[in-house]
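# Chains, contacts and geometry: an overview
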Amino acid sequence: LGHAVWCARHLIGDEPFAVLLPDDLILAGTPCLKQMIDAYATTGGNMVATMEVAPEATSSYGVLSPSGETGKLVAASSVVEKPKAGTAPSNLAIIGRYILEPGIFDVLENQEKGAGGEIQLTDAINAMASSTPTHGLRFDGQRFDCGQQIGFIEANIAFALERPELRERVREILGSYSKNA
Ligand code: G1P
């Protein structure tokens, strides 16, 4: 992920920019990124979307080490990518929406390989954390992990049920498969 973002440096130039990981789908009244942009107006720096996950799931995510909370904003003193079981600093996982300072490209340029032998975006955010405000936003909305088959299936159902022209028929179909039907 870190290398992929670095590859886009010529498109971004010298402005803050957003990164969206498309396998994290978020169903929300106000889009998650818009919620973050609104919060970013008061924080600047680097910002990630965050939500609590089960403690045993933290090793699949980037994880925040929180240093304080104001409403839905969590200040992070550091972030760690895919911490080994039992070592996570919290259960606040990074979800795939980021607002990043353009200075991250210079950090990514020299970033060593991290978890999984890959150049990790989380490691670059962490390298900046002592000099750059770093926050997680506990966004409003439902997140679907479409990197998992079951998450992808659930996302299709949830988004279809949001659409008036599909809702009724989808409910009928789901009902026809229910155990009690
Ligand atoms: C990526 C990031 C990780 C983040 C996750 C969210 O991991 O590296 O920090 O928590 O997305 O979905 P991946 O799922 O690509 O392994």
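Look above for the structure.
All of the points below concern the structure found in this document. (Residues numbered from 1 in each chain as written. Predicted model: local features only at pLDDT ≥ 70, side-chain atom pairs only at ≥ 80, totals over all residues. Heavy atoms only, no water.)

This paragraph deals with the overall build of the protein. Helices and strands together make up the secondary structure of the protein, namely seven helices and eight strands. Referenced to the eigenvectors of the C-alpha coordinate spread, the extents of the protein come out at roughly 60 × 35 × 35 Å. When burial is assessed residue by residue, the protein has 40% of its 181 residues classed as buried. Carbon and sulfur atoms make up 53% of the accessible area of the protein, which totals about 10,200 Å². Of the side-chain charges in the protein, 14 are positive and 22 negative, and the distance between the mean point of each set is 7 Å. (Helix = DSSP H or I, 4+ residues; strand = E, 2+ residues; numbered from the N terminus. Buried < 20%, exposed > 50% of the residue type's maximum accessible area, 1.4 Å probe, protein only. Areas by Shrake-Rupley, 256 points an atom, 1.4 Å probe, with all protein chains shown as cover. Lys, Arg positive; Asp, Glu negative; His and termini not counted. Charge placed at Lys NZ, Arg CZ, Asp CG, Glu CD.)

Tracing the chain through its elements places asparagine 46 in strand β3 (residues 46-52). Assessed through its relative accessible area of 1%, asparagine 46 is described here as buried. In this structure the side chain of asparagine 46 is engaged in a polar contact, spanning 2.8 Å, whose partner is the backbone nitrogen of glutamate 101. (Polar contact = N/O pair within 3.5 Å; in protein donor to acceptor, adjacent residues only side chain to side chain.)

Moving on, we come to the pattern of salt bridges. Inspection of the entire model under this criterion finds eight salt bridges. A salt bridge links aspartate 24 to arginine 143; its shortest N-O distance comes to 2.7 Å. One end of the pair, aspartate 24, is in strand β2 (residues 24-27); the other, arginine 143, is in strand β8 (residues 142-145), and 119 residues separate them in sequence. With relative accessibility at 7%, the residue aspartate 24 sits in the buried group. Take arginine 143: its relative accessible area is 15%, and that puts it in the buried class. A salt bridge links arginine 138 to glutamate 69, with the nearest nitrogen and oxygen atoms 3.0 Å apart. (Salt bridge = Lys/Arg side-chain N within 4 Å of Asp/Glu carboxyl O.)

Near the ligand you find Leu1, Leu21, Asp24, Tyr61, Gly62, Glu81, Lys82, Ile94, Tyr98, Gln120, Thr122 and Arg143, and these make up its full shell. The contact in question runs from an oxygen atom of the ligand to an N or O atom on the side chain of lysine 82, over 2.7 Å. Protein coverage of the free-state accessible area of the ligand, which is 380 Å², stands at 77%. Its residues assigned to classes, the shell around the ligand comprises five nonpolar, three polar and four charged. (Near = heavy atom within 4 Å. Nonpolar A, V, L, I, M, F, W, Y, C, P; charged D, E, K, R; others polar.)

Our focus in this paragraph is helix α6 (residues 149-161). With 13 residues, α6 should cover 18 Å at 1.5 Å per step; its first-to-last C-alpha distance of 19 Å lies within 8% of that length. Residues of α6 that are buried make contact with β2, β8 and α7 (164-177). (Expected span 1.5 Å × (residues − 1). Contact = heavy atoms within 4.5 Å.)

On to the nonpolar core. Within the largest apolar cluster, 21 residues are counted, with the highest numbers of intra-cluster contacts made by Leu64, Tyr98, Leu100, Ile104, Leu108, Leu121 and Ile125. Formed by 17 residues, the second largest nonpolar core is a distinct cluster that contains Ile26, Tyr61, Leu73 and Ile95. (Core = buried A, V, L, I, M, F, W, Y, C linked by side-chain atoms within 4.5 Å.)

All right, on to the side chain of serine 90 then. Within the fold, serine 90 resides in the loop between β5 (73-81) and β6 (92-100). A distance of 2.6 Å separates the side chain of serine 90 from the backbone oxygen of leucine 64, its partner in a polar contact. Residue contacts for serine 90: discarding those within four places in its chain leaves Thr58, Val63, Leu64 and Pro66.

Attention shifts here to the pairing of strand β4 (residues 62-70). In this sheet, β5 lies alongside β4 in antiparallel orientation, the contact comprising eight bridges. If you follow glycine 68 over to β5, its bridge partner there is alanine 75. Taken together, β4 and the strand that follows it, β5, pair antiparallel across an intervening segment of two residues, in which glycine 71 is found at a positive phi of about 60°. (Pairing = 2+ DSSP bridges.)

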